[in-house]
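# Architecture at a glance
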Amino acid sequence: MLFRNLYIENAEKLQDIRVEEGVITEIGEALLPREGEEQQDFGGKLALPPFIESHVHLDTCLTAGDPVWNQSGTLFEGIECWAKRKEKLTRQDVRERVGRAVRLYAMNGIQHIRTHVDVTDPKLTAMEAILEMREELRDVMDIQVVAFPQEGIESYPNGRKLLEDAVRMGADCVGAIPHYEFTREYSVSSLNYAVALAEKYDKLVDVHCDEIDDEASRGLETLAARAYESGLTDRVTASHTTAMHSYNNAYVQRLMRLIQLSGINFVSNPLVNTHLQGRIDTYPKRRGVTRVKELTQAGVNVSFGHDDIFDPWYPMGTGTLRDVVFLGLHVCQMMGYEDIMNSYRFISTNAARTLHLGESYSIRVGNPASFIVLDAKNYYDALNQNAAVLLSCKGGRVVAQGVPGKKEALF
Ligand code: FE2
């Protein structure tokens, strides 16, 4: 199969991609079609490595308003709403909603998802259902599962055991939620436990870290120190880190050295955190998004996630990461030309580092033929014009396709 006339990753010259048996075998200008070879000519469109959702909660997705709406819009009311919905969870309910969400993602060019799954549920219903789906959907979507203790490790009955049970069931990553634990001591010991568990079972770590406006929430320093000391380094991710927005600059300056030493990744969720944070501020109101610009400038790996799709924490979302990048650039004040042009990295190459996808994630000869084509010449235009995903090819298989949106002025 020959995919013709593509601008690969914002390149200025058009190239063709030859795919044989699911692998990219040739990339070059004006490749000559072989006899009988199928061709698809895009006539000058952007090809990118597939998009990656590096932080979402698939177990809660598509449940907003059921049984109650989050009226205050706060994270903590969200947790209360979810505790009510959780009572009604069944395997079939989770499977149906996750199936719908995965198809939404696929249509938007996403081929990898890291989902957090709540394990503060004595039955581990959602974990069981999502692990099952991870296997079933493997050919169309790669799903990485984080065992996520939504109501705490030390502060929830049997929290440690439930987390370990979920890891033994097959979760890929160990989670924690230090800012939700009852005390600072619990917060520190929950992180120690999560890191030790990851070492014991050879898993990755992804912590909901300081998702609060409290400048005294210092889970991040503990997590970074443990990542450094344990040698887990870039196998560890700090998600959210919204308190970092409110830390004083002198503290951040000191903390940045530890972050760099530790090699940890960050995931920021601009859409959801601008909605959830700053809720008890009067004016000025904090944006509540972590220091993406400064972390990036310091050489730290940062990716963007959607976090929630139409659930108790976020009442909107259609599974497109374009909205996440678009808002993220605004709130992080990263609107320079190069910033915009390269911003797809927040939902592709940077996210691939966080998920540890390795060398096979890139449009390169010898790699699996996994790429997407957008209806634009480069990512600047794609982002600005909300370009349609024309094709999503995963390992040589077309898993989603679209047509350009049509609007016209009648004058
Ligand atoms: Fe989250």
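### Overview of the overall build of the chain
When helices and strands are tallied, the chain shows 13 helices and 15 strands. Relative to its length of 411 residues, the chain is compact, with a C-alpha radius of gyration of 21 Å against a globular reference of 22 Å. By principal-axis analysis of the C-alpha atoms, the chain measures approximately 70 × 50 × 45 Å. Burial statistics for the chain: of 411 residues in total, 58% are counted as buried. Across the chain, the fraction of contacts at a sequence separation of at least 24, relative to all contacts at a separation of at least 6, is 75%.

### Some words on the sheet that holds strand β5 (residues 51-56)
Read from one edge of the open sheet, eight strands run β5-β6-β7-β8-β9-β10-β11-β12, paired in parallel fashion. Only two strands of the sheet have a single neighbouring strand rather than two, namely β5 and β12 (302-304). Of the strand pairs in this sheet, strand β9 (residues 204-209) and strand β10 (residues 236-240) are connected by five bridges, and their pairing is parallel. The residue of β10 that forms the bridge with D206 is T237. Sitting on the sheet, helix α3 (residues 125-136) touches β6 (110-118) and β7 (142-148), and the angle it makes with β7 is about 160°.

### Focus: helix α10 (residues 321-331)
Each turn of an α-helix holds 3.6 residues, which means side chains three or four residues apart point in the same direction. Residues of α10 that are buried include every one of L321, R322, V324, V325, G328, L329 and V331, and no others. Looking at the packing, one finds that the buried side of α10 touches β5, β6, α8 (270-276), β12, α11 (337-341) and α13 (379-384). Structurally, the start of α10 carries an N-cap: the backbone nitrogen of R322 is 3.1 Å from a side-chain oxygen of T320. Just downstream of α10 lies Q333, where phi reads positive at about 50°.

### Remarks on the coordination of the iron ion
Taken together, H55 (NE2), H57 (NE2), H208 (NE2), H240 (NE2) and D307 (OD) make up the full set of protein donors to the iron ion, lying 2.2 to 2.6 Å away. We note that the donor set of the iron ion lies within a single chain, spaced as H-x1-H-x150-H-x31-H-x66-D. Of this pair, H57 sits in the loop between β5 and α1 (75-86) while H208 sits in strand β9; the two residues are 151 residues apart in sequence, bridging distant segments of the chain. Classification of H57 by relative accessible area gives buried; the value is 6%.

### Some remarks on the pairing of strand β4 (residues 39-48)
Pairing of strand β1 (residues 2-8) with β4 involves six bridges; the strand directions are parallel. Opposite Y7, over in β4, you have L46 as the bridge partner. Looking at chain direction, β4 and strand β13 (residues 371-374) are connected through three bridges and run antiparallel. When the sheet's bridge partners are listed, L46 is paired in β13 with L374.

### So, the nonpolar core
Grouped together as the largest cluster of nonpolar side chains are 100 residues, with contacts concentrated most on F51, M127, L220, M244, F266 and Y379. Residue assignment places this core across two domains, with domain 1 (2-48 + 364-401) and domain 2 (51-355) each supplying three or more. When sequence neighbours within four positions are dropped, the list of residues in contact with M244 reads L220, V252, L255, M256, I259, F266, T290, R291 and L295. One finds I17, V19, L390 and C393 within the second-largest nonpolar core, a separate group that totals 15 residues.

### Some points on the state of the cysteines
In this structure the tally under the stated criterion is zero disulfides. Residue C61 stays outside any disulfide, its sulfur separated by 16 Å from that of C81, the closest cysteine. Given the relative accessible area of 0%, C61 is considered buried.

### Thoughts on helix α6 (residues 219-230)
End to end, α6 covers 16 Å across 12 residues, agreeing with the expected 16 Å (1.5 Å per residue, within 8%). Those residues of α6 that sit buried are G219, L220, T222, L223, A224, A225 and A227. Residues of α6 that are buried make contact with α5 (184-201), β9, β10, α7 (249-262) and β11 (265-268).

### Observations regarding the domain arrangement of the chain
Segmenting the chain into domains produces domain 1 (2-48 + 364-401) and domain 2 (51-355). Each of domain 1 and domain 2 was reduced to a C-alpha centroid, and the two centroids are 31 Å apart. Taken together, the contacts link 20 residues of domain 1 with 22 residues of domain 2. On the domain 1 side of the interface with domain 2, the three residues burying the most area are Y380, L383 and K394, jointly 36% of the side's total. Taken together, domain 1 and domain 2 are joined by six residue pairs in polar contact (both at pLDDT 80 or more). Those elements that provide at least two residues to the side of domain 1 that touches domain 2 are β13, α13, β14 (389-394) and β15 (397-401). Here the side of domain 1 that touches domain 2 is composed, by residue class, of 11 nonpolar, six polar and three charged.

Definitions and limits used
Counting of residues starts from 1 at the beginning of each chain's written sequence and follows it residue by residue. Only residues with pLDDT of at least 70 are given local features in this predicted model, and only at 80 or more are side-chain atom pairs given and counted; all residues enter the totals for whole chains, interfaces and linings. Side-chain metrics in this entry use all non-hydrogen atoms of the structure; hydrogen atoms and water are not considered. Segments assigned H or I by DSSP are reported as helices when at least four residues long, segments assigned E as strands when at least two residues long, and all are numbered from the N terminus. To get the radius of gyration, use the C-alpha atoms; to get the globule rule, take the number of residues to the power 0.38 and multiply by 2.2 Å. Three exposure classes are used, based on accessible area relative to the maximum for each residue type with a 1.4 Å probe and protein chains only: buried under 20%, partly exposed in between, and exposed over 50%. It only takes one pair of heavy atoms within 4.5 Å for two residues to be counted as in contact. For two strands to count as paired, DSSP must find a minimum of two bridges between them. Where helices are involved, their axes are fitted lines through C-alpha atoms of the stretch in contact, as for all axes, and angles between N-to-C directions lie from 0 to 180°. Between N or O atoms, a polar contact is any pair within 3.5 Å; within protein, one atom must be a potential hydrogen donor and the other a potential acceptor, and residues adjacent in sequence are included only when both atoms are from side chains. Donor selection uses N, O and S atoms within 2.8 Å of the metal (3.2 Å for Na, K and Ca). Since no water is included, sites may look incomplete. Buried residues of nine kinds, namely Ala, Val, Leu, Ile, Met, Phe, Trp, Tyr and Cys, make up a nonpolar core once their side-chain atoms join them within 4.5 Å. Where each domain begins and ends follows an automated or database-derived domain assignment. By definition, disulfides here are pairs of cysteine sulfur atoms that lie within 2.5 Å. Here, expected helix span is obtained from the residue count minus one, scaled by 1.5 Å. Note on definitions: buried area is the accessible-area loss of two parts on being combined, 1.4 Å probe, summed for both. Three categories are distinguished: nonpolar for Ala, Val, Leu, Ile, Met, Phe, Trp, Tyr, Cys and Pro, charged for Asp, Glu, Lys and Arg, and polar for the others, with Gly belonging to the last.

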